[in-house]
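Commentary on secondary and tertiary structure
Take a look at the letters that make up each chain.
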Amino acid sequence: MKIAITLGDPAGIGPEIIIKSIPQFQHQKNIRIFGNKQILKKTAQDMRASNKYRLISNMICDCTDTVQCKYGKPTMKTGQVAIQSLDCALNSNPDILITPPIVKNVIRQFLSDFTGHTEYLASFFQAKDFAMVGVWRNKRIMLTTTHLPLRRIFKKITPKTVLCKIILLERGLRQYFGVLHPHIGVSSLNPHAHEFSLGEDEKIEQAVKAAQKRHINCRGPYPADSLFNRKFDGFLTMFHDQAMIYLKSKKDGLNFTLGLPIIRLSPLYGAALDIAGKNRAEASGLTAAIKVGVRLYKNKRRYDQQYKNISD
């Protein structure tokens, strides 16, 4: 089991949370940090934590450019380092990939169509069926659409699209989370579900009924503002903020990319440029990502073995 950790944007909190969290895993020989020793060493010095850097120095794969930057001031060069780190990690063929936060707008200066880790990874692996899944404790919340302007979302909500996501979520709950008989709750697009619908929630309902005909235990659409109070093994939302407002209000929420041949997780927070370099970043999300990643990997291995035994 190989675990790869990327650097994130050097101007953000990525290097800081690595310095804070990874020393506790110093005895695990299967973890590699793909980044730059000089960047991490300087971050540790600025944090007055050089002792922590020494604990992880042999875990660092020195594979990116060295860049001089100011905390909280990302540039095209810091964005290039973030992508170099990600590419190096991917080319190492990891089983688990952990990605600290990047700054998308500086990456778009040289990758104009870049929308985020999720889409970049899907393109790398040529994955057709993939989705963002927010994870917090026993809540698993999938997004039907990801980083899209709201105006474009309405055309994306079709019975076929929603059905495909329900199928993907149901399979993911069984494979990665060990839920043998998943029960899925589906959100509406509009407030109060059908009350303000102009046909969109009826399309979602068609998808739910189609999934039920496939013997998938799902219900909806329910209003998104109360959906997560219901008891389901997994939830499907229609757009980014329906899921993320809930998830980002919790500590140690994670972003899991379902549909890739590897396990990919990241903490559910951004580069936090306002506190970068101030030694105030909360690192527990990165720690949680590693621990949950290992658990998901083991669940998937167990599921695959059981499926193989049945097939045999």
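Above: the structure in question.
Our subject in this report is the structure included herewith. (Residues numbered from 1 in each chain as written. Predicted model: local features only at pLDDT ≥ 70, side-chain atom pairs only at ≥ 80, totals over all residues. Heavy atoms only, no water.)

**Observations regarding the pairing of strand 6 (residues 139-143)**
Stated precisely, the cut-off is as follows: A 1.4 Å probe rolled over the protein chains alone gives each residue an accessible area, and that area as a share of the maximum for its type sets the label: buried under 20%, exposed over 50%, partly exposed in between. Counting from the N terminus, the helices are the DSSP runs of H or I reaching at least four residues and the strands are the DSSP runs of E reaching at least two. DSSP-based pairing: two strands are paired if at least 2 bridges between them are found.
Most of strand 6 is tucked away, with five of its five residues classed as buried. Neither face of strand 6 is left uncovered, since the one carrying K139, I141 and L143 and the one carrying R140 and M142 both have all their residues buried. Relative to strand 6, strand 5 (residues 131-136) runs antiparallel, the two being bridged by four bridges. Residue pairing for strand 6: V135 is matched across the bridge by R140. In sequence, strand 5 turns back onto strand 6 through a hairpin of two residues, with R137 there showing a positive phi of about 55°.

**Points about the sheet that holds strand 5**
Applied cut-off: Orientation is described by axes fitted as lines to C-alpha atoms, over the contacting stretch for helices, and by angles from 0 to 180 degrees between their N-to-C directions.
Across the sheet, which stays open at both edges, the eleven strands sit in the order 3-2-1-4-11-10-5-6-9-7-8 with mixed pairing between neighbours. Looking at the sheet topology across the chains shown, the edges are occupied by strand 3 (60-62) and strand 8 (217-222). Sheet twist, expressed as the mean angle between neighbouring strand axes with direction ignored, is 25°. Sheet topology note: the strand 6/strand 9 (residues 234-237) ladder contains three bridges and is parallel. In the sheet register, L143 faces strand 9, and the bridge partner there is T237.

**As for the side chain of T6**
Positionally, T6 belongs in strand 1 (residues 3-6). Looking at T6, the relative accessible area reads 2%, which means it is buried.

**A closer look at the pattern of salt bridges**
Operational definition: By salt bridge we mean one thing: a side-chain nitrogen of Lys or Arg within 4 Å of a carboxyl oxygen of Asp or Glu.
Per the stated rule, a full pass over the model turns up four salt bridges. The closest approach of N and O atoms between E170 and R174, which form a salt bridge, is 3.1 Å. Taken as a pair, E170 and R174 lie in helix 8 (residues 159-177) at a separation of four residues, close to a single helical turn. Put simply, D304 and K300 hold a salt bridge, and the shortest N to O gap is 2.8 Å.

**Describing the environment of C164**
Along the chain, C164 turns up in helix 8. In the structure, C164 is positioned 119 residues away from Q45 in sequence and 49 Å away in space, judged by C-alpha atoms.

**Let's talk about the packing of helix 8 against helix 9 (residues 200-213)**
Rules: Any angle that is under 35 degrees is reported as roughly parallel, and any over 145 degrees as roughly antiparallel; angles of 65 to 115 degrees are reported as roughly perpendicular and all others as oblique. Note on convention: the crossing is left-handed when the near helix lies turned anticlockwise from the far helix by less than a right angle, right-handed when the turn is clockwise. By definition in these notes, contact holds between two residues if any of their heavy atoms fall within 4.5 Å. Asp, Glu, Lys and Arg are counted as charged, while Ala, Val, Leu, Ile, Met, Phe, Trp, Tyr, Cys and Pro are counted as nonpolar; the rest, among them Gly, fall into the polar class.
At a closest axis distance of 8 Å, the pairing of helix 8 and helix 9 adopts a crossing angle of 45°. For the element pair helix 8 / helix 9, the angle class is oblique. Here helix 8 runs over helix 9; the crossing is right-handed. Side by side, helix 8 and helix 9 meet where P159, V162, L163 and I166 of the first sit next to K203, I204, Q206, A207, V208, A210 and A211 of the second. In the contact of helix 8 with helix 9, the residues fall into nine nonpolar, one polar and one charged.

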